[in-house]
Amino acid sequence: MRARHTALFLFISSLLCGMPSTAWEESLIRKESFGKTPDGPVDLYTITNAKGVELRVTNYGGIIVSLRLPDKNGSPADIVLGYDNLDGYLKNPAYFGAIVGRYANRIANGKFTVDGIEYHLAKNNGPNSLHGGLKGFDKVIWRAEPFTDQQGSGLILSFASKDGEEGYPGNLKTKVTYTLTDQNELKIDYEATTDEATPLNLTSHSYFNLSGEGNGDILKHELTLNADRFTPVDQTEIPTGDLRSVNGTPMDFTKSTLVGARINDNYEQLLIGHGYDHNFVLNRKGDGLQLAASVRDPRTGRVLEVYTTEPGVQLYTGNFLDGTITGKQSHVYNKHAALCLETQHFPDSPNHANFPSAILQPGQRYRSSTVYKFLAQ
Ligand code: GLA
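Residues numbered from 1 in each chain as written. Predicted model: local features only at pLDDT ≥ 70, side-chain atom pairs only at ≥ 80, totals over all residues. Heavy atoms only, no water.

(A) Local environment of the site of the ligand. Close to the ligand lie Ala94, Tyr95, Arg106, Leu130, His131, His205, Tyr207, Asp277, Gln314, Tyr316, Phe320 and Glu342. Between the ligand and the protein, one listed contact pairs an oxygen atom with a side-chain N or O atom of Arg106 at 2.6 Å. With respect to the ligand, the side chain of His131 contributes an N or O atom lying 2.8 Å from an oxygen atom. Residues that form the shell around the ligand fall into these classes: six nonpolar, three polar and three charged. (Near = heavy atom within 4 Å. Polar contact = N/O pair within 3.5 Å; in protein donor to acceptor, adjacent residues only side chain to side chain. Nonpolar A, V, L, I, M, F, W, Y, C, P; charged D, E, K, R; others polar.)

(B) Expanded view of the sheet that holds strand E21 (residues 257-258). The antiparallel open sheet is built from nine strands, whose spatial order is E12-E13-E14-E15-E30-E24-E23-E18-E21. Strands with a single pairing partner mark the edges of an open sheet, and in this sheet they are strand E12 (143-149) and E21. (Pairing = 2+ DSSP bridges. Helix = DSSP H or I, 4+ residues; strand = E, 2+ residues; numbered from the N terminus.)

(C) A look at the pairing of strand E4 (residues 54-58). Judged from the five bridges that link them, strand E3 (residues 40-48) and E4 form a sheet pairing that is antiparallel. Residue Thr48 lies in a different strand from E4, and its bridge partner there is Glu54. As judged from the four bridges shared by E4 and strand E5 (residues 64-70), these two strands associate in the antiparallel manner. Across the sheet, residue Val57 finds its bridge partner in E5, namely Ile64.

(D) Molecular detail of the environment of Glu237. Its location among the elements puts Glu237 in the loop between strand E19 (229-231) and strand E20 (244-245). Look at Glu237 and you get buried, because its relative accessible area is 8%. Glu237 sits 111 residues away from Asp348 along the chain, and the two C-alpha atoms are 9.9 Å apart. If near-sequence neighbours (up to four positions away) are discounted, Glu237 is found in contact with Arg106, Ile272, Asp277 and Phe320. (Buried < 20%, exposed > 50% of the residue type's maximum accessible area, 1.4 Å probe, protein only. Contact = heavy atoms within 4.5 Å.)

(E) Highlighting the side chain of Thr46. Topologically, Thr46 is positioned in strand E3. Overall, Thr46 belongs to the buried group, its relative accessible area being 3%. Excluding residues within four positions of it along the chain, Thr46 makes contact with Leu28, Ile29, Arg30, Glu32, Glu54, Leu55 and Arg56.

(F) Just the confidence of the model for the protein, in detail. Mean pLDDT for the protein: 94, with 93% of residues reaching 70 or above. The low-confidence segment residues 1-26 (pLDDT under 50) makes 39 contacts with residues lying over four places distant or belonging to another chain. (pLDDT = per-residue confidence, 0-100.)

(G) Region of interest: the side chain of Thr181. Assignment of secondary structure puts Thr181 in strand E14 (residues 172-181). In contact with Thr181, not counting residues within four places along its chain, are Asn49, Gln151 and Gly152.

(H) Up close: the packing of aromatic side chains. The tally for this structure, following the rule as stated, stands at 17 aromatic pairs. Judged by centre distance (5.6 Å) and plane angle (90°), the ring pair of Phe96 and Tyr333 falls under edge-to-face. On the criterion of sequence distance, the pair formed by Phe96 in the loop between helix H4 (86-91) and strand E7 (98-100) and Tyr333 in strand E27 (residues 332-333) is long-range, its members being 237 residues apart. Judged by centre distance (6.0 Å) and plane angle (85°), the ring pair of Tyr207 and Tyr316 falls under edge-to-face. A residue pair is termed long-range when its members are at least 10 positions apart, and Tyr207 in the loop between strand E17 (203-205) and strand E18 (222-225) and Tyr316 in strand E25 (residues 312-316) qualify at 109 residues. (Phe/Tyr/Trp six-rings, centres within 6.5 Å; stacked < 30°, edge-to-face > 60°.)

Shown next, in the form of C-alpha coordinates:
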(Lines give C-alpha, C1' and ligand atoms only; values in the text may rest on other atoms or scores of the structure.)
Protein backbone atom coordinates (compact mmCIF):
# COMPACT_ATOMS: atom_id res chain seq x y z
CA MET A 1 0.00 0.00 0.00
CA ARG A 2 1.05 3.56 -0.73
CA ALA A 3 0.80 4.25 3.01
CA ARG A 4 3.71 1.91 3.72
CA HIS A 5 5.91 3.43 1.02
CA THR A 6 5.37 6.93 2.32
CA ALA A 7 6.27 5.93 5.87
CA LEU A 8 8.64 8.53 7.24
CA PHE A 9 10.71 8.13 10.36
CA LEU A 10 11.22 11.28 12.36
CA PHE A 11 13.89 11.51 14.98
CA ILE A 12 14.13 14.82 16.81
CA SER A 13 17.62 15.86 17.75
CA SER A 14 18.58 15.30 21.35
CA LEU A 15 20.63 18.48 21.18
CA LEU A 16 17.64 20.60 20.21
CA CYS A 17 15.39 19.01 22.78
CA GLY A 18 17.92 18.57 25.55
CA MET A 19 16.92 14.93 26.02
CA PRO A 20 19.17 12.23 27.42
CA SER A 21 20.38 10.16 24.46
CA THR A 22 18.75 6.92 25.65
CA ALA A 23 15.31 8.55 25.65
CA TRP A 24 15.44 9.98 22.12
CA GLU A 25 17.00 6.86 20.67
CA GLU A 26 14.00 4.89 21.82
CA SER A 27 11.33 7.54 21.15
CA LEU A 28 10.01 7.09 17.69
CA ILE A 29 7.37 8.83 15.65
CA ARG A 30 6.36 7.31 12.35
CA LYS A 31 4.15 9.11 9.86
CA GLU A 32 2.23 7.41 7.08
CA SER A 33 -0.73 8.18 4.88
CA PHE A 34 -4.09 7.15 6.36
CA GLY A 35 -6.02 7.91 3.16
CA LYS A 36 -8.14 10.70 1.74
CA THR A 37 -11.25 12.52 2.92
CA PRO A 38 -13.39 14.94 0.87
CA ASP A 39 -11.44 17.71 2.70
CA GLY A 40 -8.02 16.34 1.73
CA PRO A 41 -5.45 13.70 2.65
CA VAL A 42 -4.87 12.64 6.25
CA ASP A 43 -2.03 10.94 8.05
CA LEU A 44 -1.55 8.38 10.76
CA TYR A 45 1.18 8.93 13.37
CA THR A 46 2.59 6.05 15.40
CA ILE A 47 4.34 7.08 18.59
CA THR A 48 6.26 4.55 20.67
CA ASN A 49 7.74 5.10 24.10
CA ALA A 50 10.83 3.54 25.70
CA LYS A 51 8.66 0.82 27.30
CA GLY A 52 7.20 -0.24 23.96
CA VAL A 53 3.78 1.35 24.51
CA GLU A 54 2.38 2.35 21.13
CA LEU A 55 -0.07 5.16 20.44
CA ARG A 56 -1.55 5.78 17.00
CA VAL A 57 -3.25 9.09 16.22
CA THR A 58 -4.70 10.47 13.00
CA ASN A 59 -5.03 14.16 12.26
CA TYR A 60 -8.59 13.46 11.04
CA GLY A 61 -10.61 14.46 14.13
CA GLY A 62 -7.41 14.15 16.20
CA ILE A 63 -8.61 10.58 16.70
CA ILE A 64 -6.72 8.15 18.94
CA VAL A 65 -6.80 5.12 16.65
CA SER A 66 -5.07 2.63 18.95
CA LEU A 67 -3.19 2.37 22.22
CA ARG A 68 -1.24 -0.82 22.84
CA LEU A 69 -0.24 -1.53 26.42
CA PRO A 70 1.16 -4.52 28.30
CA ASP A 71 -0.90 -6.44 30.87
CA LYS A 72 0.49 -7.73 34.19
CA ASN A 73 2.33 -10.53 32.29
CA GLY A 74 3.77 -8.12 29.74
CA SER A 75 1.40 -9.13 26.90
CA PRO A 76 0.29 -6.13 24.88
CA ALA A 77 -3.24 -5.39 23.70
CA ASP A 78 -4.99 -2.48 22.05
CA ILE A 79 -7.28 -1.06 24.74
CA VAL A 80 -9.36 1.43 22.73
CA LEU A 81 -12.29 0.77 20.40
CA GLY A 82 -12.05 1.95 16.81
CA TYR A 83 -11.72 0.95 13.21
CA ASP A 84 -9.02 -0.65 11.05
CA ASN A 85 -9.06 2.15 8.49
CA LEU A 86 -10.08 5.73 7.74
CA ASP A 87 -13.37 4.72 6.09
CA GLY A 88 -14.71 3.58 9.46
CA TYR A 89 -13.77 6.86 11.10
CA LEU A 90 -15.43 8.93 8.35
CA LYS A 91 -18.78 7.84 9.81
CA ASN A 92 -17.87 7.17 13.46
CA PRO A 93 -21.30 7.81 15.02
CA ALA A 94 -19.95 6.87 18.46
CA TYR A 95 -17.05 9.39 18.33
CA PHE A 96 -14.43 6.65 18.94
CA GLY A 97 -11.18 8.28 20.10
CA ALA A 98 -12.01 11.75 18.79
CA ILE A 99 -11.32 15.26 20.02
CA VAL A 100 -14.75 16.71 20.74
CA GLY A 101 -15.57 20.41 20.37
CA ARG A 102 -16.45 23.21 20.34
CA TYR A 103 -18.81 22.02 23.02
CA ALA A 104 -18.45 18.44 24.20
CA ASN A 105 -21.71 16.95 25.50
CA ARG A 106 -25.16 18.53 25.17
CA ILE A 107 -26.55 22.06 24.84
CA ALA A 108 -30.30 22.17 25.50
CA ASN A 109 -32.46 22.89 22.46
CA GLY A 110 -29.26 23.83 20.58
CA LYS A 111 -29.55 27.32 22.03
CA PHE A 112 -27.51 29.63 24.25
CA THR A 113 -27.08 33.36 24.84
CA VAL A 114 -23.75 35.15 25.11
CA ASP A 115 -23.47 38.91 25.67
CA GLY A 116 -27.22 39.29 25.04
CA ILE A 117 -27.17 37.54 21.65
CA GLU A 118 -28.99 34.24 21.19
CA TYR A 119 -27.15 31.64 19.11
CA HIS A 120 -28.63 28.52 17.47
CA LEU A 121 -26.90 25.22 16.85
CA ALA A 122 -27.93 22.17 14.84
CA LYS A 123 -30.08 19.78 16.89
CA ASN A 124 -28.27 16.52 16.23
CA ASN A 125 -29.38 14.63 19.36
CA GLY A 126 -33.15 14.70 19.75
CA PRO A 127 -34.03 18.31 20.65
CA ASN A 128 -30.41 19.07 21.70
CA SER A 129 -27.02 19.81 20.23
CA LEU A 130 -24.38 17.14 20.93
CA HIS A 131 -20.59 17.21 20.65
CA GLY A 132 -20.12 20.37 18.59
CA GLY A 133 -22.81 19.80 15.96
CA LEU A 134 -22.99 18.25 12.51
CA LYS A 135 -19.31 18.74 11.71
CA GLY A 136 -17.58 19.14 15.03
CA PHE A 137 -13.87 18.97 15.83
CA ASP A 138 -14.09 15.17 15.50
CA LYS A 139 -14.69 15.49 11.75
CA VAL A 140 -12.15 18.13 10.69
CA ILE A 141 -8.56 17.79 9.56
CA TRP A 142 -6.08 19.13 12.12
CA ARG A 143 -2.60 20.42 11.29
CA ALA A 144 -0.15 18.01 12.91
CA GLU A 145 3.38 18.58 14.14
CA PRO A 146 5.29 15.74 15.80
CA PHE A 147 7.71 16.53 18.62
CA THR A 148 9.96 14.98 21.22
CA ASP A 149 10.84 16.75 24.46
CA GLN A 150 11.88 15.91 28.03
CA GLN A 151 8.41 14.54 28.84
CA GLY A 152 8.13 12.19 25.86
CA SER A 153 7.05 12.19 22.24
CA GLY A 154 3.83 13.36 20.75
CA LEU A 155 1.85 15.41 18.35
CA ILE A 156 0.70 19.03 18.39
CA LEU A 157 -2.63 19.35 16.60
CA SER A 158 -4.00 22.75 15.57
CA PHE A 159 -7.34 23.77 14.13
CA ALA A 160 -8.80 27.20 13.43
CA SER A 161 -12.58 27.21 13.72
CA LYS A 162 -14.19 30.14 11.90
CA ASP A 163 -16.68 32.63 13.31
CA GLY A 164 -20.15 31.14 12.77
CA GLU A 165 -18.89 27.58 12.21
CA GLU A 166 -21.60 25.18 13.44
CA GLY A 167 -23.39 28.27 14.78
CA TYR A 168 -20.74 29.25 17.35
CA PRO A 169 -19.46 32.84 17.63
CA GLY A 170 -15.88 33.97 17.18
CA ASN A 171 -12.78 32.82 15.35
CA LEU A 172 -11.31 30.19 17.64
CA LYS A 173 -7.73 28.94 17.45
CA THR A 174 -7.36 25.54 19.11
CA LYS A 175 -4.27 23.52 19.93
CA VAL A 176 -4.34 19.99 21.34
CA THR A 177 -1.07 18.33 22.36
CA TYR A 178 -0.81 14.59 22.85
CA THR A 179 2.29 13.47 24.78
CA LEU A 180 3.16 9.81 25.38
CA THR A 181 5.63 9.66 28.26
CA ASP A 182 8.01 6.88 29.25
CA GLN A 183 5.96 6.54 32.47
CA ASN A 184 3.11 5.14 30.33
CA GLU A 185 1.06 8.31 30.53
CA LEU A 186 -0.93 9.85 27.73
CA LYS A 187 -1.10 13.55 28.46
CA ILE A 188 -3.60 15.73 26.58
CA ASP A 189 -3.16 19.50 26.80
CA TYR A 190 -5.81 21.74 25.28
CA GLU A 191 -5.33 25.45 24.54
CA ALA A 192 -7.49 27.98 22.73
CA THR A 193 -8.02 31.67 22.09
CA THR A 194 -10.96 33.49 20.52
CA ASP A 195 -11.81 36.93 19.15
CA GLU A 196 -15.43 36.79 20.47
CA ALA A 197 -16.90 35.23 23.58
CA THR A 198 -17.81 31.59 22.85
CA PRO A 199 -18.79 28.46 24.76
CA LEU A 200 -15.92 25.99 24.76
CA ASN A 201 -15.64 22.52 26.23
CA LEU A 202 -13.01 20.23 24.76
CA THR A 203 -12.63 16.56 25.55
CA SER A 204 -11.25 13.29 24.27
CA HIS A 205 -13.70 10.50 23.50
CA SER A 206 -11.71 7.27 23.79
CA TYR A 207 -13.62 4.08 24.58
CA PHE A 208 -11.46 2.03 26.94
CA ASN A 209 -11.66 -1.70 27.51
CA LEU A 210 -8.68 -2.67 29.67
CA SER A 211 -9.08 -6.33 28.67
CA GLY A 212 -8.45 -5.25 25.07
CA GLU A 213 -10.90 -3.91 22.49
CA GLY A 214 -13.35 -6.55 21.29
CA ASN A 215 -12.59 -8.69 24.33
CA GLY A 216 -15.93 -8.74 26.14
CA ASP A 217 -17.53 -5.96 28.15
CA ILE A 218 -16.38 -3.64 30.94
CA LEU A 219 -18.98 -4.68 33.53
CA LYS A 220 -16.31 -6.39 35.64
CA HIS A 221 -13.92 -3.45 35.57
CA GLU A 222 -13.53 -1.89 39.04
CA LEU A 223 -14.18 1.83 39.03
CA THR A 224 -13.48 4.60 41.52
CA LEU A 225 -14.66 8.17 40.88
CA ASN A 226 -13.45 11.04 43.00
CA ALA A 227 -16.93 12.56 43.02
CA ASP A 228 -19.42 13.00 45.86
CA ARG A 229 -21.99 14.52 43.49
CA PHE A 230 -23.27 14.23 39.93
CA THR A 231 -25.51 16.28 37.66
CA PRO A 232 -28.82 14.41 37.22
CA VAL A 233 -30.47 14.77 33.81
CA ASP A 234 -33.95 15.02 32.32
CA GLN A 235 -35.36 12.56 29.76
CA THR A 236 -33.28 14.19 26.98
CA GLU A 237 -30.07 13.95 29.04
CA ILE A 238 -29.90 17.68 29.82
CA PRO A 239 -28.85 18.47 33.42
CA THR A 240 -31.69 19.61 35.64
CA GLY A 241 -29.27 22.03 37.31
CA ASP A 242 -29.10 20.00 40.51
CA LEU A 243 -25.81 18.81 42.00
CA ARG A 244 -27.08 15.61 43.62
CA SER A 245 -25.24 13.57 46.24
CA VAL A 246 -24.23 10.08 45.04
CA ASN A 247 -24.65 8.79 48.57
CA GLY A 248 -26.96 5.78 48.76
CA THR A 249 -27.44 5.66 44.96
CA PRO A 250 -25.95 3.44 42.21
CA MET A 251 -23.96 6.54 41.18
CA ASP A 252 -21.69 6.15 44.20
CA PHE A 253 -18.22 5.12 42.98
CA THR A 254 -16.37 6.87 45.80
CA LYS A 255 -15.14 3.38 46.75
CA SER A 256 -13.95 0.95 44.10
CA THR A 257 -17.04 -0.86 42.72
CA LEU A 258 -17.66 -3.10 39.72
CA VAL A 259 -19.08 -1.02 36.86
CA GLY A 260 -21.80 -3.64 36.34
CA ALA A 261 -22.75 -4.13 40.00
CA ARG A 262 -25.73 -1.76 39.88
CA ILE A 263 -25.95 -0.73 36.22
CA ASN A 264 -29.33 -2.41 35.73
CA ASP A 265 -30.85 -1.10 38.98
CA ASN A 266 -34.30 0.41 38.77
CA TYR A 267 -32.92 3.91 39.35
CA GLU A 268 -34.45 6.69 37.25
CA GLN A 269 -31.10 8.17 36.15
CA LEU A 270 -29.81 4.80 34.94
CA LEU A 271 -33.05 4.16 33.07
CA ILE A 272 -32.76 7.53 31.31
CA GLY A 273 -29.14 6.92 30.33
CA HIS A 274 -29.62 3.19 29.52
CA GLY A 275 -26.72 2.76 31.92
CA TYR A 276 -24.18 5.34 33.09
CA ASP A 277 -24.10 8.43 30.86
CA HIS A 278 -23.61 11.12 33.48
CA ASN A 279 -21.41 13.99 34.45
CA PHE A 280 -19.77 13.59 37.86
CA VAL A 281 -18.80 16.67 39.86
CA LEU A 282 -15.19 16.10 40.82
CA ASN A 283 -14.03 16.70 44.39
CA ARG A 284 -11.33 19.28 43.81
CA LYS A 285 -9.04 21.34 46.00
CA GLY A 286 -7.51 24.29 44.15
CA ASP A 287 -6.06 24.17 40.65
CA GLY A 288 -3.91 21.70 38.77
CA LEU A 289 -4.15 18.08 37.78
CA GLN A 290 -6.10 16.02 40.31
CA LEU A 291 -7.24 12.41 40.36
CA ALA A 292 -10.69 12.07 38.80
CA ALA A 293 -11.07 8.34 38.26
CA SER A 294 -9.34 5.03 38.45
CA VAL A 295 -10.30 1.83 36.64
CA ARG A 296 -8.86 -1.64 37.19
CA ASP A 297 -9.39 -4.75 35.15
CA PRO A 298 -8.78 -7.70 37.51
CA ARG A 299 -8.43 -10.08 34.51
CA THR A 300 -5.39 -8.40 33.00
CA GLY A 301 -4.19 -6.25 35.90
CA ARG A 302 -4.32 -3.16 33.69
CA VAL A 303 -5.13 0.03 35.57
CA LEU A 304 -6.12 3.41 34.17
CA GLU A 305 -5.88 6.52 36.33
CA VAL A 306 -7.36 9.77 35.05
CA TYR A 307 -6.06 13.11 36.29
CA THR A 308 -7.56 16.38 35.11
CA THR A 309 -7.79 20.12 35.60
CA GLU A 310 -11.50 19.98 34.62
CA PRO A 311 -14.40 20.21 37.10
CA GLY A 312 -16.29 17.22 35.70
CA VAL A 313 -16.03 13.83 34.06
CA GLN A 314 -18.67 12.07 31.95
CA LEU A 315 -18.86 8.37 32.69
CA TYR A 316 -20.37 6.75 29.61
CA THR A 317 -20.60 2.96 29.58
CA GLY A 318 -21.13 2.46 25.84
CA ASN A 319 -24.89 2.15 26.29
CA PHE A 320 -25.70 2.96 22.67
CA LEU A 321 -23.34 0.33 21.26
CA ASP A 322 -25.78 -2.30 20.07
CA GLY A 323 -23.80 -4.66 17.86
CA THR A 324 -24.39 -2.61 14.71
CA ILE A 325 -20.79 -1.34 14.67
CA THR A 326 -18.07 -3.68 13.46
CA GLY A 327 -14.73 -2.29 14.52
CA LYS A 328 -11.11 -3.39 14.43
CA GLN A 329 -10.37 -6.92 13.25
CA SER A 330 -14.08 -7.52 12.58
CA HIS A 331 -14.88 -7.19 16.28
CA VAL A 332 -18.57 -6.45 16.85
CA TYR A 333 -19.04 -3.86 19.58
CA ASN A 334 -21.99 -4.70 21.81
CA LYS A 335 -23.54 -2.73 24.68
CA HIS A 336 -20.95 -1.95 27.40
CA ALA A 337 -18.02 -3.05 25.19
CA ALA A 338 -16.06 -0.12 26.63
CA LEU A 339 -16.30 2.90 28.89
CA CYS A 340 -15.47 6.55 28.34
CA LEU A 341 -14.19 8.98 30.94
CA GLU A 342 -14.65 12.32 29.21
CA THR A 343 -13.10 15.08 31.31
CA GLN A 344 -15.13 18.24 30.80
CA HIS A 345 -17.04 21.26 32.01
CA PHE A 346 -20.60 20.29 32.91
CA PRO A 347 -23.05 19.62 30.06
CA ASP A 348 -25.21 22.58 29.02
CA SER A 349 -23.18 24.98 31.18
CA PRO A 350 -24.04 28.00 28.98
CA ASN A 351 -27.66 27.56 30.16
CA HIS A 352 -26.87 27.03 33.87
CA ALA A 353 -25.59 30.04 35.80
CA ASN A 354 -24.80 27.82 38.82
CA PHE A 355 -22.32 25.65 36.84
CA PRO A 356 -18.66 26.68 36.36
CA SER A 357 -18.58 29.00 33.35
CA ALA A 358 -17.61 27.48 30.02
CA ILE A 359 -17.40 30.78 28.15
CA LEU A 360 -14.02 31.75 26.73
CA GLN A 361 -13.57 35.49 26.44
CA PRO A 362 -11.34 37.34 23.95
CA GLY A 363 -7.96 38.02 25.58
CA GLN A 364 -8.21 34.88 27.74
CA ARG A 365 -6.33 31.67 27.03
CA TYR A 366 -8.25 28.42 27.51
CA ARG A 367 -6.05 25.79 29.12
CA SER A 368 -7.12 22.32 30.15
CA SER A 369 -5.09 19.18 30.79
CA THR A 370 -5.92 15.53 31.30
CA VAL A 371 -3.52 12.65 31.96
CA TYR A 372 -4.46 9.04 31.33
CA LYS A 373 -1.90 7.03 33.30
CA PHE A 374 -1.60 3.28 32.70
CA LEU A 375 -0.23 0.68 35.08
CA ALA A 376 -0.19 -3.12 35.15
CA GLN A 377 -0.36 -4.78 38.55
C1 GLA B 1 -21.33 10.97 25.12
C2 GLA B 1 -22.75 11.15 25.38
C3 GLA B 1 -23.47 9.88 25.07
C4 GLA B 1 -23.22 9.47 23.65
C5 GLA B 1 -21.76 9.38 23.39
C6 GLA B 1 -21.47 9.12 21.94
O7 GLA B 1 -20.73 10.18 26.03
O8 GLA B 1 -23.02 11.56 26.69
O9 GLA B 1 -24.84 10.03 25.30
O10 GLA B 1 -23.79 10.40 22.77
O11 GLA B 1 -21.11 10.55 23.78
O12 GLA B 1 -22.19 8.04 21.44
